[in-house]
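Chains, contacts and geometry: an overview
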Amino acid sequence: QVQLVESGGGLVQAGGSLRLSCAASGRTFSSYAMGWFRQAPGKEREFVASISWSGGSTYYADSVKGRFTISRDNAQNTVYLQMNSLKPEDTAVYYCAADRHRYSGSYQQGAYDYWGQGTQVTVSS
């Protein structure tokens, strides 16, 4: 069992930056691929980014490519999402998720075994 706790959300102006963190419990964090997803009001939850066990492989949704960076620190059991050049359309609840089966993670929500409770990101125009 893995517990995930997100932090770092908040209110920021368009063009600003935020860094989200996701702290994981357990001793096997380094064997989980990790992902970030988001859900905007009235919309379905969507893939944002994923990272492999080692951190050597990363994938991004087209909507955030070049602006967001996913990274991980296995010694700290933490995955990060650095978000730059934020836009109002990035406003959403952001969730981290852990995938215990795949090396690289997936864009599909069903691939993930554990989810955090989410952290709100609001970008004002």
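This text goes with the structure placed above it.
Report follows, based on the coordinates. (Residues numbered from 1 in each chain as written. Predicted model: local features only at pLDDT ≥ 70, side-chain atom pairs only at ≥ 80, totals over all residues. Heavy atoms only, no water.)

Let us now look at the overall build of the chain. Scanning the chain from terminus to terminus reveals 0 helices and 11 strands. Mapped from its N terminus to its C terminus, the chain presents α and β elements in the order β-β-β-β-β-β-β-β-β-β-β. Oriented by its inertia axes, the alpha-carbon framework of the chain measures out at about 40 × 25 × 25 Å. Per-residue burial for the chain yields a buried fraction of 46% across its 125 residues. Split by element, the accessible area of the chain, about 6,400 Å² in all, is 44% carbon and sulfur. For the chain, the distance from the average site of its 11 positive side-chain charges to the average site of its 9 negative ones is 3 Å. (Helix = DSSP H or I, 4+ residues; strand = E, 2+ residues; numbered from the N terminus. Buried < 20%, exposed > 50% of the residue type's maximum accessible area, 1.4 Å probe, protein only. Areas by Shrake-Rupley, 256 points an atom, 1.4 Å probe, with all protein chains shown as cover. Lys, Arg positive; Asp, Glu negative; His and termini not counted. Charge placed at Lys NZ, Arg CZ, Asp CG, Glu CD.)

Counting 35 residues, the largest nonpolar core has Leu4, Met34, Trp36, Leu81, Met83 and Tyr94 as the members making the most contacts within it. Contributing elements (two or more residues each) for this core: strand S3 (18–24), strand S4 (33–39), strand S5 (46–51), strand S7 (68–73), strand S8 (78–83), strand S9 (92–99) and strand S11 (119–124). Discounting residues that sit within four places of it in the chain, Leu4 has contacts with Cys22, Ala23, Ala24, Met34, Cys96, Ala97, Ala98, Tyr114, Trp115, Gly116 and Gln117. (Core = buried A, V, L, I, M, F, W, Y, C linked by side-chain atoms within 4.5 Å. Contact = heavy atoms within 4.5 Å.)

Next up on the list: the sheet that holds strand S1 (residues 4–7). Taken in spatial order, the 4 strands line up as S1-S3-S8-S7 in an open sheet, and their pairing is antiparallel. The outermost strands of the open sheet, each flanked by one partner alone, are S1 and S7. The average undirected angle you get between the axes of adjacent strands in this sheet is 15°. Summarising the sheet, S1 and S3 pair through 4 bridges and their orientation is antiparallel. The partner of Glu6 across the bridge, within S3, is Cys22. (Pairing = 2+ DSSP bridges. Axes fitted to C-alpha atoms, helices over the stretch in contact; angles between N-to-C directions.)

Moving on, we come to the state of the cysteines. Under the counting rule described, the total for this entry stands at 1 disulfide. Two residues, Cys22 and Cys96, share a disulfide whose sulfurs are 1.9 Å apart. Because the torsion about its S-S bond is 50°, the bridge between Cys22 and Cys96 counts as right-handed. Of this pair, Cys22 sits in strand S3 while Cys96 sits in strand S9, and the two are 74 residues apart along the sequence. Across the pair, exposure class does not vary: Cys22 and Cys96 are buried alike. (Disulfide = S-S within 2.5 Å.)

Turning to its location among the elements, Gln117 is positioned in the loop between strand S10 (114–115) and S11. Here Gln117 falls in the exposed class, since its relative accessible area comes to 71%. In contact with Gln117, other than residues within four places in its own chain, are Leu4, Glu6 and Tyr95.

As far as function goes, none of this settles anything; it's purely spatial.
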